[in-house]
Amino acid sequence: MKKLGIFGSTGSIGKNALQVVRNNPDRFKVVCLTANNNVDLLVHQALQFIPETVCISDQAGFRIARQRLRQTGIQVVCGAEALCDLAREADFNMMVGAIVGFAGLLPTLQAIKAGKDIALANKETLVVAGEIVNRLLEEHRVRLIPIDSEHSALFQCLVGEDRSSIRKIILTASGGPFLHKPKEEFNKITVSEALKHPNWKMGSKITIDSATLMNKGLEVIEAHWLFGLSPDKIDVAIHPQSIIHSMVEFVDGSTKAQMGAPDMKVPIQYALSYPERIKNGFNAFNFKKTSRLDFFKPDRTKFKCLSLAYNALEELGTMPAVLNAANEVVVENFLKERIKFVDIPTYIKKTMQKHVVIQNPDLEGILEADQWARSYVRKLLGYN
Ligand SMILES: NC(=O)c1ccc[n+]([C@@H]2O[C@H](COP(=O)([O-])OP(=O)(O)OC[C@H]3O[C@@H](n4cnc5c(N)ncnc54)[C@H](OP(=O)(O)O)[C@@H]3O)[C@@H](O)[C@H]2O)c1
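What counts as what
- Residues numbered from 1 in each chain as written.
- Predicted model: local features only at pLDDT ≥ 70, side-chain atom pairs only at ≥ 80, totals over all residues.
- Heavy atoms only, no water.
- 1 Å grid on protein atoms, 1.4 Å probe; cavity = no way out; pocket = protein on both sides within 12 Å on 5 of 7 lines; lining within 4 Å.
- Points joined across faces, edges and corners; volume = space filled by probe spheres on them.
- Helix = DSSP H or I, 4+ residues; strand = E, 2+ residues; numbered from the N terminus.
- Nonpolar A, V, L, I, M, F, W, Y, C, P; charged D, E, K, R; others polar.
- Near = heavy atom within 4 Å.
- Polar contact = N/O pair within 3.5 Å; in protein donor to acceptor, adjacent residues only side chain to side chain.
- Areas by Shrake-Rupley, 256 points an atom, 1.4 Å probe, with all protein chains shown as cover.
- Domains from an automatic or database assignment.
- Pairing = 2+ DSSP bridges.
- Axes fitted to C-alpha atoms, helices over the stretch in contact; angles between N-to-C directions.
- Contact = heavy atoms within 4.5 Å.

Enquirer: Would you mind going over empty space enclosed by the protein in detail, with residue names and values included?
Expert: Under the definition given, this model contains two cavities of 30 Å³ or more. Put simply, the largest cavity is a space of about 90 Å³. Lining the largest cavity are Ser149, Ser152, Gln156, Trp200, His245, Gln258, Gly260, Ala261, Pro262, Asp263, Val266 and Pro267. For the lining of the largest cavity, the leading source of residues is helix H7 (residues 149-157), giving three residues. Considered class by class, the residues forming the lining of the largest cavity number five nonpolar, six polar and one charged. There is about 30 Å³ of room inside the second largest cavity. Forming the walls of the second largest cavity are Phe7, Met95, Gly97, Ala98, Ile99, Gly104, Pro107, Thr108 and Asn122.

Enquirer: Kindly report on the site of the ligand, identifying the contributing residues and their values.
Expert: Within the structure, the ligand sits among 24 residues, and Thr10, Asn37, Asn38, Glu124 and Gly203 are positioned closest to it. Interatomic distance of 2.9 Å between a backbone N/O atom of Ile13 and an oxygen atom of the ligand. For the ligand, an oxygen atom lies 2.8 Å from a polar atom in the backbone of Asn38. Starting from 890 Å² of accessible surface for the ligand in isolation, the protein chains cover 85%. Of the residues that constitute the shell around the ligand, the class distribution is 10 nonpolar, 11 polar and three charged. Taken domain by domain, the shell around the ligand gets at least three of its residues from each of domain 1 (2-146) and domain 2 (151-315).

Enquirer: Quick rundown of the sheet that holds strand E11 (residues 255-259)? Include the residues and the values.
Expert: The four strands are arranged E9-E8-E10-E11 in an open sheet whose pairing can be described as mixed. Strands with a single pairing partner mark the edges of an open sheet, and in this sheet they are strand E9 (234-238) and E11. Neighbour-to-neighbour, the strand axes of the sheet open up by a mean angle of 20°, direction not taken into account. Relative to E11, strand E10 (residues 244-250) runs antiparallel, the two being bridged by five bridges. Within the sheet, the bridge partner assigned to Ser246 lies in E11 and is Gln258. Along the sheet, H7 makes contact with strand E8 (166-173), E10 and E11, crossing E10 at roughly 40°. Against the sheet, helix H10 (residues 214-227) contacts E8 and E9, and its axis sits at roughly 150° relative to E8.

This is the structure in structure tokens:
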């Protein structure tokens, strides 16, 4: 029985992870669940899965959860520090890292230091601190399995392969809702249009990142740290059907692709059960019903965030943390309708241009760069 700590259980990945647990009660047990402020769903999940502990960041939510769970024996804790304590001390052997954004970093580092395996959806952790994460994984002999569908695909293509035989990897991207929208109309894009992803149902931050292609940019950086590849060996192809989740081209000219219907439960289940595959009732990709699969180059003049992410990867040091922090702040402001969709890359670029990169930063240096970028971009936006 694998014991799981599901961090970010109330989000899109968290809910899908719990569905995988629900389908396999003899294999997985939930030891802890966490949320930011969605107390109703957290309590509902706790009553269903009876974990040892739940953690919620919000104070008011904490009081409600404690009251509603008082006769269950489930411990309720609150706040960012409690979240890290839980990651380190709770009795689970695999963390599902499903918190969105930079907030996922510190608990993940704690879990690794405590020797717990990681099923990672929270790509921001690798984007901002990939070098530190890799060092800790090695030091504590911890296994990290990616949940992101593209990286799960690459991971699956590489089973049994020597990393030195990779010529390049190709991350596929749906292209988001504005793939065919003319550049001249980008000025009028609304929040509700940007939140309508054609193929995937996800949290709001990653949905906006998918619409700007920043998500693909973050995935390029994630792939660098996961597979040890230089930027020139990481390619991106637009593939609107989202059937091929990514590909590896080998030195002998052969290419492997991993395919499937777009359903995050598949890579989540793979990460939880690796190296085993478990039978399930999920839909497989049906060749007979699909007449074509398309691929083309991303238009970087329309989707400038992709180039910004490549720039950050070329620079490394604290730059990816700055890219990520600026992106988190501008996306939040776009969702609040304070800035336009077209302004997202402009603010990120200005912040990156102002940043003085520190190479090989320690955790302190990353936290400082993150804070600096947030406060700089907020000043630019006029919201301190
Ligand atoms: N969704 C997907 O299909 C998908 C695919 C690949 C990778 N990912 C990655 O997986 C991660 C999660 O994405 P998602 O779409 O599941 O996001 P989401 O639906 O927005 O859920 C985020 C989760 O994190 C919690 N959370 C938010 N801010 C927090 C904070 N400051 N401290 C502690 N917990 C916090 C949320 O709690 P509340 O519910 O209480 O707010 C929720 O449980 C992201 O890094 C994303 O890039 C997602």
